[in-house]
Amino acid sequence: MESTIDVALTESTEVRCQEKTRGGVRYEVILGEPDVKADPPKKKMSPRNFVSVQDIEDKLKAAEERRQQLESNKMAALSAKMQKIEEASRKKDEQTSQFITATRQALEQKMGTVTEKREAYITDLKTKLKDHIENVEKTRHSLEVQADEVRMAIEEKLKIASIQRDENIKKMLDRLKEHEDQVLKVKSSNNAKLQELGNQIQDKLVQAQNRKEQMEQEQLEKLRKNNLRTIEKQKSVESSIENRKSEVINLLENKLCIAEQIREKEIQKKLEQAKKNNEHLTEIKQTLETKKTEQVQKLESKLSAAEQKREEEIKKKLENIKKREKHAEVVRQNKAVLSAKDADKEGEMVSSG
């Protein structure tokens, strides 16, 4: 079994293999002309990891943008927190103002009801006094009518019976004396009752005035306590805000110290702006506090003026009542004098008769 194998090693050499017998191999090598050695192909150089200046600047710019974005996010979070704190303080201020208006309205309503009740009580007492005086006058008039009737009967009896005149005159004089004694007793008892009623009215007016003053003092103390509480809460909130601000500023300063030195000037400018904003906020808070104090002072002045006006009105009303009572006493005295004169005239007429 023969087989031939041709192998081409290069262009110039050839190798031929022929197998004639089993187990035997014959090779034929044909040499060609020598060729000029060609330069071996150079290996391609792998690109080195070369970083240019532009790439470094781009990376630095990207890092700076990321840092600025982080700082802007932090400043936005701080501004949001400050807005929330300002909203909370504004809500507290609104609640305090609503509480002050509600308490003032309640005080005004209470004072109005007290004055209405006092006026109604005074009017009731006046009506009672008028009714009592009318009853006294009616009794006096009835007594005068009775005395006139008795006098006429005496005159008729004197005309009819001249003999029994002396005895009847004596009896009638005794009756008249007893009647006058009773009239004097009734007048004295009525005067005592009137004095007692006047004293009771004065005592009740004094008690109402004292109660009014106590209620006003209690309400003023409540208002002052509420104002002190609100002021303390505001101070605590302001101290917590300042502490948080100082902590945040310290953290920012530590982080900025670690950062690059090139951006330190910009960071300082931003910190100065933040400080200015804080100072502006403190100024705004101080102005708000001054406005609150001015409003409280105005309310107190208005309340004091209203109290003075009410006291003056009450004094005027009391003076009018006293004047009326004096006038009533003068009228009573005049009536008593007139009744005494009438009694004297009757006695003279009887004695002359």
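Residues numbered from 1 in each chain as written. Predicted model: local features only at pLDDT ≥ 70, side-chain atom pairs only at ≥ 80, totals over all residues. Heavy atoms only, no water.

Going by the annotation in an unreviewed UniProt entry, the name recorded for the chain is Stathmin, with Dendroctonus ponderosae given as the source organism.

Visitor: Would you explain the confidence of the model for the chain in this entry?
Guide: In regions of low pLDDT, the predicted coordinates are not meant to be interpreted in detail. When pLDDT is averaged along the chain, the result is 77, and 79% of the positions lie at 70 or above. Mean pLDDT per element in the chain: strand 1 (residues 3-8) is the minimum at 45, and helix 1 (residues 53-160) is the maximum at 87. Contacts of residues 1-12 to residues separated by more than four positions or lying in other chains number 23 contacts, the stretch itself having pLDDT below 50. (pLDDT = per-residue confidence, 0-100. Helix = DSSP H or I, 4+ residues; strand = E, 2+ residues; numbered from the N terminus. Contact = heavy atoms within 4.5 Å.)

Visitor: When you look at a negative patch on the surface in this model, what are you seeing that I'm missing?
Guide: A surface patch of like charges, here negative, comprises Asp-174, Glu-178, Glu-180, Asp-181, Asp-342, Asp-344 and Glu-348. Breaking the negative patch down by element, the ones donating at least two residues are helix 2 (165-258) and helix 3 (264-352). For the negative patch, the element with the highest residue contribution is helix 2, accounting for four residues. (Patch = residues over 30% accessible without salt bridge, like charges linked within 9 Å, V, L, I, M, F, W, Y side chains within 5 Å. Areas by Shrake-Rupley, 256 points an atom, 1.4 Å probe, with all protein chains shown as cover. Salt bridge = Lys/Arg side-chain N within 4 Å of Asp/Glu carboxyl O. Lys, Arg positive; Asp, Glu negative; His and termini not counted. Charge placed at Lys NZ, Arg CZ, Asp CG, Glu CD.)

Visitor: Help me understand a positive patch on the surface in this model?
Guide: Taken together, the side chains of Lys-92, Lys-110, Lys-222, Lys-225, Arg-229 and Lys-233 make up a positively charged region of the molecular surface. Where the positive patch is concerned, the elements lending two or more residues are helix 1 and helix 2. The leading source of residues in the positive patch is helix 2, at four residues. Note that Lys-110 resides in helix 1.

Visitor: Where do I start with the layout of surface pockets in this structure?
Guide: Space left empty within the atom packing is revealed by a probe, the size of a water molecule, rolled over the atoms. Space inside the largest pocket adds up to approximately 1200 Å³. Ile-133, Leu-194, Ala-328, Glu-329 and Arg-332 are, among the 36 residues lining the largest pocket, the residues nearest its centre. Looking at the lining of the largest pocket, the elements with two or more residues in it are helix 1, helix 2 and helix 3. Ranked by the residues each element gives to the lining of the largest pocket, the list is headed by helix 2, at 13 residues. Class assignment of the residues belonging to the lining of the largest pocket gives a composition of 14 nonpolar, twelve polar and ten charged. (1 Å grid on protein atoms, 1.4 Å probe; cavity = no way out; pocket = protein on both sides within 12 Å on 5 of 7 lines; lining within 4 Å. Points joined across faces, edges and corners; volume = space filled by probe spheres on them. Nonpolar A, V, L, I, M, F, W, Y, C, P; charged D, E, K, R; others polar.)

Visitor: Before we go on, may I ask you to explain empty space enclosed by the protein in this structure?
Guide: Under the counting rule described, the total for this entry stands at six cavities of 30 Å³ or more. Empty space within the largest cavity amounts to approximately 130 Å³. If you trace the largest cavity, you find it lined by Ile-100, Arg-104, Leu-107, Leu-220, Leu-223, Arg-224, Asn-227, Val-296, Leu-299, Glu-300 and Leu-303. When contributions to the lining of the largest cavity are tallied by element, the ones reaching two or more residues are helix 1, helix 2 and helix 3. When the residues that make up the lining of the largest cavity are grouped by side-chain class, the tally is seven nonpolar, one polar and three charged.

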